[in-house]
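# Residue-level structure breakdown
Here's the letter readout for the chains.
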Number of protein chains: 2
Amino acid sequence: MRQFRRDLLEFLRIPSVSTLPEHKQDIRRAAHFVRKHLLQAGLEGVDVIEGSGHPLVYGEWLGAPGKPTILCYGHYDVQPADPLKEWDSPPFEPMIRNGQVYARGASDDKGQVLANIKALQVLMEAHGRLPVNIKFLIEGEEEVGGETISAYVPSHRQQLRADAALVSDTAMYMPDTPTICTGLRGLLYTEWSARGARSDLHSGLFGGVAPSAVFGLVELLAKCKDSEGRVRIPGFYDTVEAPSEAERDSWAGLPFDEDEYRSGEVGATTLTGEPGFSVFERLGARPTFEVHGIAGGFTGPGAKTVIPAAATAKVSARLVPRQDPATVLGQMQKFAAENSPPGISVEVREVHSAPATLASPNHPIIRTAARALSEVWGRETVFVRSGGTIPVVGDFQEHLGIPTALMGYGLPDDRLHAPNEKFSLRNFQMGMASTAKFLELLGDAALA
Amino acid sequence: MRQFRRDLLEFLRIPSVSTLPEHKQDIRRAAHFVRKHLLQAGLEGVDVIEGSGHPLVYGEWLGAPGKPTILCYGHYDVQPADPLKEWDSPPFEPMIRNGQVYARGASDDKGQVLANIKALQVLMEAHGRLPVNIKFLIEGEEEVGGETISAYVPSHRQQLRADAALVSDTAMYMPDTPTICTGLRGLLYTEWSARGARSDLHSGLFGGVAPSAVFGLVELLAKCKDSEGRVRIPGFYDTVEAPSEAERDSWAGLPFDEDEYRSGEVGATTLTGEPGFSVFERLGARPTFEVHGIAGGFTGPGAKTVIPAAATAKVSARLVPRQDPATVLGQMQKFAAENSPPGISVEVREVHSAPATLASPNHPIIRTAARALSEVWGRETVFVRSGGTIPVVGDFQEHLGIPTALMGYGLPDDRLHAPNEKFSLRNFQMGMASTAKFLELLGDAALA
């Protein structure tokens, strides 16, 4: 374990920030770090796959014919670290305090992906072999859209063929509570562009007769939801299914203080969202319509009396299973065409999209994962859904036809994407043990 | 006239752009140009008044005791010239083509203010005296908010005491149609700041439960007007009066092609605004609610899934007579407090304001101005209202208690604030004659 911790600190010292061009060499260093450790774990065919974006790293071990094949995924890139001054210790000089390692990428995803690599190494060193076949695919663009991997998966179906995927890039519900995330919402991200008059006009000369692109877009967006937060775009909820009885029961049993959540994690005077659904449902099992940003007209200091000719907004919908991103895009486009106010035209363009994914807690692989977690942690595994999106899980589902076991070893207070990101060293070790146990049980089950 | 044209070209060569610090010396040069020509016209006590902003220029001639005193106003500063590449000749190298002089500031307001100065010079040279008492006050901040003059007027009531003001900074309704603008709308310019959660949140983790400041502001703004363009803020229209029968008749008689106006000047697929009011009424006699700009959240290229914690909008209301800016501000603040969606607080802050002004066509000074214009142009003078705002006219009304004769010599196609601004040399000469005639008639009337 001591050596594995040293490896983790070395990994965390590489500032592999994927969105900043000045870190291109660090990205490469991180990819080669991963390559080295896949080799150390005894994988074969280990390769840094160069392409137009940041490289993928691949390795495999296929010495267990007749046993299942598991496709492991993770990412070696990290979010930018700013604002730097809010870090208690420098983001790329990992510090251990109270059993937590503080560094950018500690939990998202370097600590988790290294736990999985080291689980393989431990098994290999103990038995000279692995209990199942393994394919390991690691990307360096998860924080910037993942274009390379989402092109790679459909064009390498044969190479990546597997029975299930294992992804450790989520969080446990609370400390010492082994957790499987069974659902991820999808995402349709769009840009709405409004046009009014031919050019900006003076509001003194034309105010009262000229259409305003900013106000037109405001009017259209406001129509997209009712005052209680229901999306008013026709068809939007048509294919949305209620969560299963078993899931609802599981959620109802989780300890949760809504008022503490509201004032603590959300930091708002009230929670919002669709009436009639619990917080868990609104976060995991209901789609959303969110305006991430809006810009148009004059917004500098002081005053300028312009009637703006153009305005844009960034709008996304988080999608739930059976909501097709292309269908929802069409619904948005139709709604915009039919509801834009007179004199205003609004174009809705897709930026990117990913479907939701949902795994049944009764799927044999998920059941085995839950059993492994329960055995290692000595506690019943809980099933949750995440409101977020991991597009590669949708790609695995769509192009490889396999479910993903989302066995996350992060914690809710790990501060992903924020200053003072951390990862629990206990979870690093327990995660390693959990992954090893999962693979062992899979190997045993296949023999039985 | 030849010399006066040369003077005009010299004035136009000074790039006195008030908003750009690099033109500070040009501003000073323009002020001293004005000073020189006030002296040439025979005014006394001519002074460049330095203060914290751009200087005012003042001069007077008080040698006609018993006669009325007229306070003339104009401005020597101009708008920026960009986009430069859209000019057919350089903005500060005035060119005469087809009887028009092309240059930034030609019509707004250098050509018009110089016509008035030269009218005084002509009268002085012809008679050795002026027919009335004159006080001339010229500012250099009209295009940047006019702070200096609006502080100067109330603190120099005695110095500026007069029977009426004369302002040539508006346009004639159409060529060869002498025009008096009897009404100017006021302006209440505000900034609306919305706050939601304590900080930006991730829409995957919190989408469905967390309030969005951008969407909250969008919802609030959309509520401020109904779908037909009526302002829904309670009390907003309470003090708004219908224009007089005489005004309506005058407007109905003006030649106007709504479809040509829509496609040509406005450049929109449809005109908007309150149903039941003509274009003239919506532009001049009805208040507006306009969103000049909005900003919040992520608006860069690509995608970022943030739930924004803050958003702002620039919002103004053009006001009509008897609408008090402070009252309307209070109405906006109350509306925002009562109509902001749950979890969102919106603060409405005044940036600046000016009340509307309205002069009766039957006021003796306005009647005299109309008679002067009709005699010089050989056509009946028309009365219009402008939708714009000239704050100093409100200051004259409020602090000096005097009406303003808005005798404008610009034309609707002079392209103020836009590339290829121009001023008709015929209007320069006829304007000079009109102002001289106005002052003569005022002097005669007082004798009668």
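Residues numbered from 1 in each chain as written. Chains lettered and ligands numbered in written order. Predicted model: local features only at pLDDT ≥ 70, side-chain atom pairs only at ≥ 80, totals over all residues. Heavy atoms only, no water.

### Looking at the side chain of A:Thr170
Residues and elements named next belong to chain A. Applicable threshold: Think of it this way: any DSSP run of H or I at least four residues long counts as a helix, any run of E at least two long counts as a strand, and we number them from the N terminus. The definition of a polar contact used here is a pair of N or O atoms within 3.5 Å, where within protein one atom must be able to donate a hydrogen and the other to accept one, and adjacent residues in sequence count solely through side-chain atom pairs. Here, residues are in contact when the closest pair of their heavy atoms is within 4.5 Å.
Mapped onto the elements, threonine 170 comes out in the loop between strand S7 (164-167) and strand S8 (179-184). For threonine 170, the side chain forms a polar contact with the main-chain nitrogen of glycine 408, separated by 3.4 Å. What threonine 170 contacts, discounting residues up to four positions off in sequence, is Gln112, Cys181, Ile390, Leu406, Met407, Gly408, Tyr409 and Gly410.

### Quick look at the sheet that holds strand S18 (residues 422-424) of chain B
All names here are of chain B. Condition: At least two DSSP bridges between two strands are needed for those strands to be called paired. Interaxial angles span 0 to 180 degrees and are taken between N-to-C directions of axes, which are lines fitted to C-alpha atoms, for helices over the stretch in contact.
In space, the three strands of this open sheet follow the order S4-S5-S18, with antiparallel pairing throughout. Across the chains shown, the open sheet's two edge strands, defined by having one partner strand only, are strand S4 (95-97) and S18. Neighbour-to-neighbour, the strand axes of this sheet turn through a mean angle of 25°, independent of strand direction. The pairing of strand S5 (residues 100-102) with S18 spans three bridges and is classified as antiparallel. Among the inter-strand pairings, glutamine 100 is bridged to a residue of S18, identified as serine 424. This element, helix H3 (residues 106-127), spans S5 and S18 of the sheet and lies at about 40° to S18.

### Structural notes on the interface of chain A and chain B
Inclusion rule: A pairing counts as a salt bridge when a side-chain nitrogen of Lys or Arg comes within 4 Å of a carboxyl oxygen of Asp or Glu.
Of the residues lining the interface, 72 residues belong to chain A; the matching set on chain B comes to 72 residues. At the boundary of chain A with chain B, the tally comes to zero salt bridges. Here chain A is connected to chain B by 30 residue pairs in polar contact (both at pLDDT 80 or more). For the side of chain A that touches chain B, the leading source of residues is strand S11 (residues 290-297) of chain A, giving eight residues. Across five bridges, S11(A) lies against strand S11 (residues 290-297) of chain B in antiparallel orientation. Considered in S11(B), the bridge of A:Gly296 is made with B:Ile294.

### Description of the relation of the copies chain A and chain B
Here is the rule we go by: Alignment of the copies relies on least squares applied to C-alpha atoms, considering only residues that score at least 70 for pLDDT in both.
With an axial shift of 0.0 Å and an RMSD of 0.1 Å, the rotation relating chain A to chain B amounts to 180°. Read as a symmetry element, the transformation amounts to a two-fold axis. Residues of chain A ranked by C-alpha distance from the rotation axis are headed by A:Ala295, positioned 2.3 Å from it. By residue overlap, the copies meet face to face through one surface: 100% of the interface positions of chain A are interface positions in chain B.

### As for the sheet that holds strand S18 (residues 422-424) of chain A
Backbone-to-backbone hydrogen bonds pair the strands of a sheet. The strands run either parallel or antiparallel. All names here are of chain A. Pairing in this open sheet of three strands is antiparallel, and the strands run S4-S5-S18 from one edge to the other. This sheet does not close on itself; its edge strands, each paired only once, are strand S4 (95-97) and S18. Shown here is a sheet whose adjacent strand axes are inclined to one another by a mean of 25°, direction ignored.

### Structural notes on the nonpolar core
The condition that has to hold: Within this scheme, the nonpolar core is defined by two criteria: the residues are buried Ala, Val, Leu, Ile, Met, Phe, Trp, Tyr or Cys, and they are joined through side-chain atoms within 4.5 Å. Note on classification: 1.4 Å probe, protein chains only; a residue is buried when its accessible area is under 20% of the maximum for its type, exposed when over 50%, partly exposed between these limits.
Core analysis: the largest hydrophobic core is formed by 65 residues, its most contacted members being B:Leu43, B:Ile70, B:Tyr76, B:Ile134, B:Phe136, B:Phe438 and B:Leu439. Grouped together as the second largest cluster of nonpolar side chains are 64 residues, A:Leu12, A:Phe33, A:Ile365 and A:Leu442 included.

### Quick word on the packing of aromatic side chains
Our working rule: Between the rings of Phe, Tyr and Trp (Trp by its six-membered ring), a pair exists once the centres lie within 6.5 Å; its type follows the angle of the planes, with under 30 degrees stacked, over 60 edge-to-face, and the other angles tilted. A ring has a charge above it when a Lys NZ or an Arg CZ is no more than 6 Å from the ring centre and no more than 35 degrees off the ring normal.
Counted according to the given criterion, the structure contains 18 aromatic pairs over all chains. Arranged with centres 5.3 Å apart and planes meeting at 55°, the rings of B:Phe256 and B:Tyr261 form a pair that is tilted. The buried category is assigned to B:Tyr261, whose relative accessible area is 9%. Members of the aromatic cluster, joined through ring pairs, are A:Tyr173, A:Phe256, A:Tyr261, A:Phe280 and B:Phe206. Over the aromatic face of A:Tyr102 sits the side chain of A:Arg97, whose NZ or CZ is 4.1 Å from the ring centroid.

### Considering the pairing of strand S9 (residues 186-195) of chain B
Side-chain direction in a regular strand flips from residue to residue, so the side chains alternate between the two faces of the sheet. Residue and element names in this part refer to chain B. Counting buried residues along S9, eight of its 10 residues qualify, which places the element largely inside the surrounding structure. Note: S9 against strand S13 (residues 310-319), 10 bridges, orientation antiparallel. Within the sheet, the bridge partner assigned to threonine 190 lies in S13 and is valine 315.

### Points about the pairing of strand S7 (residues 164-167) of chain B
Residue and element names in this part refer to chain B. Alternating positions in S7 separate into two faces, Ala164 and Leu166 on one and Ala165 and Val167 on the other, with burial throughout. Bridging between strand S3 (residues 69-75) and S7 involves four bridges; their strand directions are parallel. Paired with tyrosine 73 across the bridge in S7 is valine 167. Pairing of S7 with strand S17 (residues 404-407) involves three bridges; the strand directions are parallel. Bridge pairing in S17 links alanine 165 to threonine 404.

### A closer look at the side chain of A:Ser212
Positionally, A:Ser212 belongs in the loop between helix H6 (203-206) and helix H7 (213-223). Of note is the side chain of A:Ser212, whose polar atom sits 3.4 Å from the backbone nitrogen of A:Val214. With near-sequence residues (within four places) excluded, A:Ser212 lies in contact with A:Ile307, A:Pro308, A:Ile344, B:Glu290 and B:Val291.

### Notes on H7(A)
Given 3.6 residues per turn, any residue in an α-helix points the same way as the ones three and four places further on. Residues and elements named next belong to chain A. Of all the 11 residues making up H7, 10 are buried; the element is thus mostly covered by neighbouring parts of the structure. Looking only at H7, the buried set comprises Ala213, Val214, Phe215, Gly216, Leu217, Val218, Glu219, Leu220, Leu221 and Ala222. For H7, the capping residue at the N-terminal end is serine 212, with a side-chain oxygen 3.4 Å from the backbone nitrogen of valine 214.

### Concerning the pattern of salt bridges
Residue and element names in this part refer to chain B. A complete count under the given rule lists 40 salt bridges over all chains for this structure. Where arginine 385 meets glutamate 247, a salt bridge forms, and the shortest distance between an N and an O atom there is 2.9 Å. Taken together, the positions of arginine 385 in strand S16 (residues 382-386) and glutamate 247 in helix H8 (residues 245-252) put the pair 138 residues apart, joining distant regions of the chain. Judged by relative accessible area, which is 14%, arginine 385 ranks as buried. Glutamate 247 sits in the buried class, given a relative accessible area of 9%.

### Examining the state of the cysteines
To be explicit about the condition: For this text, the term disulfide refers to a pair of cysteine sulfurs within 2.5 Å.
In the structure shown here, the tally under the stated rule is zero disulfides over all chains. Its sulfur unpaired, B:Cys72 is 17 Å from the next cysteine sulfur, which belongs to B:Cys181.

### Some remarks on the packing of helix H2 (residues 24-40) of chain B against H3(B)
All names here are of chain B. The test is simple: Should an angle fall under 35 degrees it is taken as roughly parallel, and over 145 as roughly antiparallel, whereas 65 to 115 is taken as roughly perpendicular and any remaining angle as oblique.
The geometry of H2 relative to H3 is characterised by a closest axis approach of 8 Å and an angle of 25° between their N-to-C directions. By the angle between their directions, the pair H2 and H3 is classed as roughly parallel. Between H2 and H3, the residues in contact are Phe33, Val34, His37, Leu38 and Gln40 and Leu114, Ile117, Lys118 and Gln121, respectively.

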